[in-house]
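An overview of the molecular structure
One-letter residues, chain by chain:
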Amino acid sequence: MSQIQKSPQPPTELPPEPLTPSAATLRGRTAVTAWRRDLSASAVVFLLAVPLSLGVALATGAPLQAGLVAAAVGGIVAGLLGGAPLQVTGAATGLLVVTADLFQRYGWRATCLVTILAGLAQLALGALRVARAALAVSPAIVHGMLAGIGVTIAIGQLHVVLGGSPDSSAVDNAAALPDQLAHPHATALLIGAVTVAVLAGWPRLPGRAGRWARLLPAPLAAVLAATAVGMGATVPRVELPSWRLPEPPVLPDVSLAALVTAVLTVTLVASMESLLSAVAVDRLAAERPGTPPGRPRLNRELAAQGLANVVSGLLGGLPVSGGAIRGSANVRAGAATRRATVLHGVWVLLCAGLLAGVLELIPLAALAALVMVVGVRMVSFAHLKHVQRHREFPVYAATLSAVVLFGVLPGVVTGIAVGIFLALRRLTHTRVQVTEEAGRHRVRVSGQLTFLAVPRLTRGLAQVPPGADAVVELCGSFMDHAAYEALQSWATTHRATGGPVTLGGRSGRPLAEPASTHSCRPWTPWRNHHCTRPAPDRAAARHSGSQLLVGVSAFQRHTAPLVREELARLAREGQRPTQLFLTCADSRLVTSMITSSGPGDLFTVRNVGNLMPPPGADASCDSVGAAVEYAVEVLRVDSITVCGHSGCGAMAALLDAAGSPPPSNEATPLARWLRHGRPSLARMARIGRLGRGEVALAERPVADDQERLALVNVRQQLDHLRAHPCVARRMAEGTLTLHGMYFHVAEAQAYLLDERSGRFRAVRADVPAIGV
């Protein structure tokens, strides 16, 4: 068999390979980009730190250069060695009241010694690795302490704004305030008013000019404006003496107990402020796209704060701590590494040496107004709402009041004492309620059953007549041996009289529930709908709707008593949600479960496909637009979230109809509604199957076209939202933010949209809750 000879073909010319940068080149570009970001961020933080440091020094009564020393030392020393790279350390605003008191009692050199000893104590605590334990302090105590310090600062600096001088006590300052208000210094008051007005209005400047202006930090803009207003007036101004070697610290002429108390107070407040700020700054940085994963090393940060305090005290500077104001500004300015913090300290050092003449133009009233606003903002109403929701307002109020009246350390001790008292009260507070229902006596025990509650329990059980049918419901989570013996003894005696008794265990579940009732306790997980599904032999009841009625009945019995107080408050005050949540009408999406929200938290809009018709699309679709306008204009929500989900029927219907031309007149309401999803379908077709960087999941590939369309649809509906005038205006003011979310039902996993990269990133389960 002959072989067929093929003529040789010329070799196919392959296209040239694309020139791709080497790994070294990519690393070089990344390093250059990081340097640029750090340089820019350091300039922003420097412009913020200088007026703030001068203001803190002025408020304490210390030499003004002490604030600049603290800012430079904190930036360089703590920036180089700290365990929270993006945190910015400087003059401690939380220690303002404490430092002022130390300075007035013992003098500045003795105050510097206290700062050094507190720094050594922080070094020891960092070596003992106790930083995490410090975060176990109740947030109510921490926020109450900061709020009390803020109130004290605000009242004291208001006297300076009015042209006077503050006293050493917050009570004395408050008592002298009416007379000071009656006789203000007009020029100082004008300068302070200008400072406050610029601080309040600067972040809200509209338009493109406002965006450019906001590149300048608000505190610096306020000080510059106030300096310009008071340029020709005779008012007290910054005075920086010539730089010289600092005088050595001296030991104050006080008892050892008083010295230990002072050192302990500075250590406690500086450490708490630094650690809480480190966690808050890390959380803020983690939300930023492109930030490498990592947790702050709190023990290293605590040791670095201690060393910075030692150096600052030796050089005659104020006590230092990490600050959420400076740290958040650093993150928002784009800082990539610790270089931004260190460079900010270098710029402060150069400014103190080269620009002293410029700093001496600043009126003291402007710095006082700046610090006064900082003090007012330390009283956070968001924290107050959070504390009240967790029933810890008495702890917060006691801490705040004691800090204002007696000082920081007594205030913290008072807050801890009140917290322990409330915890013991809740542990021992037990309610026994006896009711008669259709011949059956029900004894409901709410709270913990300890030996202290046995007399109350036995009195309640004695109300059940001998021989009566009795049901005992234990709704607490704990019962000690004494209570158990008392309950069992009564049950044995009651059964001896011929009365049936149904007792429950310690799990908190109610007793003797009918078979078809809701068996899930409030706030506990559920599985397979067993908690609301009637028994199999009651199929007829299921068809009659008893499943819904059983759930409502269980709500009235178990959940309503828990939420009645909160719902009554909402009924009195009206709804004040902070977020608008726009999601699909799919029954598998339980918004309160996904967001861990409760009554009054979310203003929720649900529709088929979580669609947001653009303005002017169709007058018949005004319902969603009206809800958005109401939420933005009337309720004044802070954010809007568009949430898509896996397995969305609307996305499947859009994909099914993609191959055929749209009908001229949709026959059904559903078809007419889904036409608002066609821009999403067109967008997906435009960007292609690979997404071209516009939409993707960060942790895994997109599963299929239906999931890809759901992700694209979230981005498209966000664009529709931005087209609405009310949304666009609030976003331009900087008072409204938009978020995209995708929820995978089968994985029970939420993904948040990073709009810069177009990627949806999985929300980690280990992200801590916001505390500061």
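Observations concerning the overall build of the protein
- Helices and strands together make up the secondary structure of the protein, namely 30 helices and 13 strands.
- Every one of the 772 residues in the protein was classed for burial, and the buried ones make up 46%.

Some details on the state of the cysteines
- Taken as a whole, this structure holds zero disulfides when the rule is applied.
- With no disulfide of its own, Cys584 has Cys648 as its nearest cysteine by sulfur position, at a separation of 4.1 Å.

A word on a nonpolar patch on the surface
- On the surface, Met231, Leu350, Leu354, Leu355, Val358 and Leu361 cluster together to form a nonpolar patch covering roughly 580 Å² of accessible area.
- Note that Met231 resides in the loop between helix 10 (218-229) and helix 11 (256-286).
- Its relative accessible area of 46% is what places Met231 among the partly exposed residues.

Some points on helix 28 (residues 678-687)
- Within the sequence span of helix 28, burial applies to Ser680, Leu681, Arg683, Met684 and Ile687. Buried residues of helix 28, viewed axially, fall in a sector of 160 degrees; they line one side. Exposed residues lying more than 90 degrees from the buried face of helix 28 are Ala685 and Arg686.
- Each element contacted by the buried residues of helix 28 is listed here: helix 26 (649-656) and helix 29 (705-722).
- Looking one or two places after helix 28, you find Gly688, whose phi comes out positive at around 90 degrees.

Brief notes about the packing of aromatic side chains
- Going through the model one piece at a time under the given rule, you end up with four aromatic pairs.
- When the ring of Phe393 is compared with that of Tyr396, the centres are 6.3 Å apart and the planes differ by 25 degrees; the resulting orientation is stacked. Of this pair, Phe393 and Tyr396 both sit in helix 18 (residues 393-406), three residues apart, which is roughly one turn of that helix.
- By relative accessible area, which is 38% here, Phe393 ends up partly exposed.
- For the pair Tyr742 and Tyr751, a centre-to-centre distance of 6.1 Å together with 45 degrees between the ring planes defines the contact as tilted. Of the two residues, Tyr742 and Tyr751, neither departs from the other in class, the shared state being buried.
- The positively charged end of Arg339 is found above the aromatic ring belonging to Trp35, 4.3 Å away from the centroid.

Looking at the side chain of Arg715
- Along the chain, Arg715 falls in helix 29.
- For Arg715, a relative accessible area of 12% corresponds to the buried category.

With respect to the packing of helix 26 against helix 29
- In the contact formed by helix 26 and helix 29, the axes pass within 9 Å of each other and the chain directions differ by 110 degrees. By the angle class used here, helix 26 and helix 29 are roughly perpendicular. Side by side, helix 26 and helix 29 meet where Met651, Ala652, Leu654 and Leu655 of the first sit next to Asp705, Gln706, Leu709, Ala710 and Asn713 of the second.
- Of the residues contributing to the contact of helix 26 with helix 29, the split by class is six nonpolar, two polar and one charged.

A short note on the sheet that holds strand 4 (residues 440-446)
- Spatial ordering of the open sheet is given by 3-4-5-6, a layout of four strands whose pairing is mixed. Both edges of this open sheet fall to strand 3 (431-437) and strand 6 (501-502), since each of them pairs with a single strand only.
- Bridge count for strand 4 against strand 5 (residues 469-474) is six bridges, and the pairing is parallel. Paired with Arg442 across the strands is Val471, a residue of strand 5.

Quick look at empty space enclosed by the protein
- In this structure the tally under the stated criterion is two cavities of 30 Å³ or more.
- Reported here for the second largest cavity is a volume of approximately 30 Å³.
- Taken together, Ala78, Gly79, Gly82, Ala84, Pro85, Gln87, Thr89, Glu301 and Arg338 make up the full set of residues lining the second largest cavity.
- Taken together, the residues that form the lining of the second largest cavity break down as three nonpolar, four polar and two charged.

Things to note about the pattern of salt bridges
- For the coordinates displayed, the defined rule picks out 17 salt bridges.
- Note that Glu633 and Arg729 form a salt bridge whose closest N and O atoms lie 2.7 Å from each other. Residue Glu633 is located in helix 25 (residues 622-634), and its partner Arg729 is located in helix 30 (residues 725-733); the two are separated by 96 residues in the primary sequence.
- With a relative accessible area of 31%, Glu633 lands in the partly exposed category.
- Look at the salt bridges and you will find they share partners, linking Arg683, Arg715, Asp719, Arg722 and Glu755 into a network.

Considerations on unusual backbone geometry
- With phi around 50 degrees, Ser596 is a residue other than glycine that occupies positive phi space.
- Inspection of the secondary structure puts Ser596 in the loop between helix 24 (591-595) and strand 8 (602-607).
- Assessed through its relative accessible area of 67%, Ser596 is described here as exposed.
- The phi angle at Arg636 is positive, at roughly 55 degrees, despite the residue not being glycine.
- Turning to its location among the elements, Arg636 is positioned in the loop between helix 25 and strand 9 (639-645).
- For Arg636, a relative accessible area of 39% gives the class partly exposed.

Structural notes on the environment of Ser40
- Considering the arrangement of structural elements, one finds Ser40 in helix 1 (residues 23-60).
- In this structure, the C-alpha to C-alpha distance between Ser40 and Leu343, residues 303 residues apart in sequence, is 9.9 Å.

Brief notes about the side chain of His645
- Assignment of secondary structure puts His645 in strand 9.
- Leaving out residues up to four positions away in the same chain, His645 has contacts with Cys584, Asp586, Arg588, Leu589, Ala710, Tyr742, Phe743 and Val745.

Some details on helix 7 (residues 170-182)
- Spanning 13 residues, helix 7 covers 19 Å between terminal C-alpha atoms, matching the ideal 18 Å at 1.5 Å per step.
- Along helix 7, the helix axis deviates most sharply at Ala176, where the bend reaches about 40 degrees; the proline Pro178 sits within four residues downstream.
- When we look at burial in helix 7, the residues that qualify are Ala170, Asn173, Leu177 and Gln180.
- Buried residues belonging to helix 7 abut helix 6 (139-161) and helix 18.

Rules and cut-offs
- Residues numbered from 1 in each chain as written.
- Predicted model: local features only at pLDDT ≥ 70, side-chain atom pairs only at ≥ 80, totals over all residues.
- Heavy atoms only, no water.
- Helix = DSSP H or I, 4+ residues; strand = E, 2+ residues; numbered from the N terminus.
- Buried < 20%, exposed > 50% of the residue type's maximum accessible area, 1.4 Å probe, protein only.
- Disulfide = S-S within 2.5 Å.
- Patch = residues over 30% accessible without salt bridge, like charges linked within 9 Å, V, L, I, M, F, W, Y side chains within 5 Å.
- Areas by Shrake-Rupley, 256 points an atom, 1.4 Å probe, with all protein chains shown as cover.
- Salt bridge = Lys/Arg side-chain N within 4 Å of Asp/Glu carboxyl O.
- Arc of directions from axis to C-beta.
- Contact = heavy atoms within 4.5 Å.
- Phe/Tyr/Trp six-rings, centres within 6.5 Å; stacked < 30°, edge-to-face > 60°.
- Lys NZ or Arg CZ within 6 Å of the ring centre and 35° of its normal.
- Axes fitted to C-alpha atoms, helices over the stretch in contact; angles between N-to-C directions.
- Parallel < 35°, antiparallel > 145°, perpendicular 65-115°, else oblique.
- Nonpolar A, V, L, I, M, F, W, Y, C, P; charged D, E, K, R; others polar.
- Pairing = 2+ DSSP bridges.
- 1 Å grid on protein atoms, 1.4 Å probe; cavity = no way out; pocket = protein on both sides within 12 Å on 5 of 7 lines; lining within 4 Å.
- Points joined across faces, edges and corners; volume = space filled by probe spheres on them.
- Expected span 1.5 Å × (residues − 1).
- Bend = angle between axes of the 7 residues up to and from the residue.

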